[in-house]
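Tertiary structure, described
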Amino acid sequence: MLCLGIETSCDETALALVRDGVVIADVMSSQADVHALFGGVVPELASREHYRLIGALCDEVLRRAGVTAADIDVVAVARGPGLLGSLLVGMGFAKGLAPATGARLVGVNHLHAHLLAAGIVAEMAYPALGLLVSGGHTHIYRMESPRRMFLLGRTLDDAAGEAFDKVAKQLGLAYPGGRTIDELGRKGRVNPTMFPRPYVDNDNLDFSFSGLKTAAGLVVQANPALIEAARAVADGSVDMVGSANGAPDQAQPDVSSLCDMCASFNHAVADTLRIKLERALARENGPLPGTPTVAARKKRKKSGAVAADASQAASPCPPTVPEHAALAAHAGQGGQVPDTHRVPVRALVAAGGVAANSYVREALGDLAGRAGLPLLLPTPALCTDNGIMVAHAGWRLASLGLGHDLALEAIPRGRS
Ligand code: KG4
Ligand code: ZN
């Protein structure tokens, strides 16, 4: 089965061909430099770029694979959530191509495609606990199969990737800045109390990253030298360990403080994700030895042993969402997990752009090791948006006999 995957949900136009689960070609055009000028994705520009490129990229992926459009059995397209105008370009293209070639049309949920990408390098074990952590979403799922995923928790405000990008923007780093903050952090030392672990002193699986973003913003505002150091790294006048590339006798910016701040920020995000995932795992499989209860965390926090909750320290407390209400609100995403026949999860999965983060990968590796479960992670290149994940997910769904007619609708951002 030859499956073409089309991804246009944000600022990457990406197409790939997968034959019976094996990747045979992929192409991608990133619009990052178009949007970098504006510090974030401009939706109108994004859809125009997709429209300009999609035809040529489709020709190119077919050429690289040495096949023709008539050979395609399945046209899989990311149907969202994403930028509506951008999605409509990919969907319009797919809806033209599928009937013209006699291929089956399969609409793929972009978030599910991210998670399923973990199954490209290693066989997926179901049920699994999945963390989808990207620029627009931070979701925890119970994954029952390629088509049945139940949302257990989500961010109430910013996604983790958004927090990375906004902090990078405050430092004056190019959009999207998550990867640069990761790389700078690798040269620094973690101060575990510099930033809070936001919204963890509760009993739910939701996230709130806006307070952490604000806390990091306050640190940046109070230390203009951090911005100066970031500028020097960005323009290449010093490298990431602070060695001058220009005149050695000039006063050098304090790159080591910048790296320490980035290390501490990376660590705070990774630790927060780990805490909630550990809680989710405890609910699915029973507590891990050494997992502190919420009461124990609060007690330790009072004694100053753990960083303060950002929602109290830096921003108004996010609304408390009772868990049953949160699940009801997520019903469109697969509904409530049936309690009957609920079996322990057999693997941990993490995907989405922020799953490329080295701190996140380490923290989840440690958690999986303690839980005695395999950790399935896509390669860093497959964590961020790409066409391969859509082609792979489309192949999985088509193999289950699934497909859509031309009434397939896009899922706009915010409806996930
Ligand atoms: O999955 P993705 O490509 O697009 C969405 O569906 O949102 O994720 C993009 C996000 C951006 O916020 C980017 O800064 C972040 O992933 N990102 C990272 C890293 N690589 C990409 N964040 C932290 N560390 C990284 N290494
Ligand atoms: Zn994505």
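Cut-off values and rules
- Residues numbered from 1 in each chain as written.
- Chains lettered and ligands numbered in written order.
- Predicted model: local features only at pLDDT ≥ 70, side-chain atom pairs only at ≥ 80, totals over all residues.
- UniProt positions renumbered as here; feature names shortened; annotations may be inferred.
- Core = buried A, V, L, I, M, F, W, Y, C linked by C-beta atoms within 7 Å.
- Buried ≥ 20, exposed ≤ 12 C-beta atoms within 10 Å, placed from the backbone.
- Helix = DSSP H or I, 4+ residues; strand = E, 2+ residues; numbered from the N terminus.
- Domains from an automatic or database assignment.
- Contact = placed C-beta atoms within 7 Å.
- Pairing = 2+ DSSP bridges.
- Axes fitted to C-alpha atoms, helices over the stretch in contact; angles between N-to-C directions.
- Parallel < 35°, antiparallel > 145°, perpendicular 65-115°, else oblique.
- Near = placed C-beta within 6 Å.

The chain appears in an unreviewed UniProt entry as tRNA N6-adenosine threonylcarbamoyltransferase from Nitratidesulfovibrio liaohensis. According to its UniProt record, the chain has this under Subcellular location (unreviewed entry): "Cytoplasm". Quoted verbatim from the Catalytic activity (unreviewed entry) field of UniProt, the annotation for the chain is "L-threonylcarbamoyladenylate + adenosine(37) in tRNA = N(6)-L-threonylcarbamoyladenosine(37) in tRNA + AMP + H(+)".

Let us look at the nonpolar core. In terms of nonpolar packing, the biggest core is built from 127 residues, with Val75, Ala76, Leu348, Val349, Ala350, Val390 and Ala391 touching the most fellow members. Here this core gets 15 residues from one element, more than from any other, and that element is helix 10 (residues 255-285). Of the domains in this structure, domain 1 (2-116 + 386-399) and domain 2 (118-382) are the two that each give at least three residues to this core. With near-sequence residues (within four places) excluded, leucine 348 lies in contact with Ala128, Leu129, Leu364, Leu367, Ala368, Leu373 and Leu375.

For the rest of this paragraph, the subject is the sheet that holds strand 1 (residues 2-7). The strands making up a sheet are joined through hydrogen bonds of the backbone, oriented either antiparallel or parallel. Pairing is mixed in the open sheet, where 5 strands are placed in the order 3-2-1-4-5. Two strands bound the open sheet, and with one partner strand each, they are strand 3 (22-30) and strand 5 (104-109). Taken pair by pair, the neighbouring strands of this sheet meet at an average axis angle of 20 degrees, ignoring direction. In the sheet, strand 1 pairs with strand 2 (residues 12-19) via 6 bridges, with the strands oriented antiparallel. Considered in strand 2, the bridge of glutamate 7 is made with alanine 14. Sheet contacts for helix 2 (residues 43-65): strand 2 and strand 3; angle to strand 2, the most-contacted strand, approximately 25 degrees.

Helix-helix packing: each pair is described by the crossing angle between the helix axes and the interaxial distance. Where helix 9 (residues 224-234) meets helix 10, the axes come as close as 8 Å, and the angle between the chain directions of the two elements is 100 degrees. Our classification of the angle between helix 9 and helix 10 gives roughly perpendicular. Across the interface between the two elements, Ala225, Leu226, Ala229, Ala230 and Val233 of helix 9 pack against Val255, Ser257, Leu258 and Met261 of helix 10.

What follows is about the site of ligand 1. Residues in close proximity to ligand 1 total 19 residues, the closest being Gly135, Gly161, Gly178, Gly353 and Asn357. Elements that contribute at least two residues to the shell around ligand 1 include exactly helix 6 (160-171) and helix 7 (178-186).

What the domain assignment lists for the chain is domain 1 (2-116 + 386-399) and domain 2 (118-382). Across the boundary between the two partners, domain 1 contributes 17 residues, which contact 21 residues of domain 2. Taken together, the elements giving at least two residues each to the side of domain 1 that touches domain 2 come down to helix 1 (32-36), helix 4 (110-116) and helix 16 (387-399). Considering every element that reaches the side of domain 1 that touches domain 2, the biggest residue donor is helix 16, with 6 residues.

Moving on to the UniProt feature "binding site: substrate" (unreviewed entry) in the chain. Residues annotated in UniProt with the feature "binding site: substrate" (unreviewed entry) correspond here to Leu132, Val133, Ser134, Gly135, Gly136, Asp165, Gly178, Asp182 and Asn357. With respect to the helices, strands and loops of the structure, glycine 135 is situated in the loop between strand 6 (128-133) and strand 7 (138-143). For glycine 135, a count of 25 C-beta atoms within 10 Å translates into the label buried. With 27 C-beta atoms packed within 10 Å, asparagine 357 lands in the buried category. Filtering out sequence-adjacent residues up to four positions away, asparagine 357 remains in contact with Gly178, Asp182, Asn266 and Ala270.

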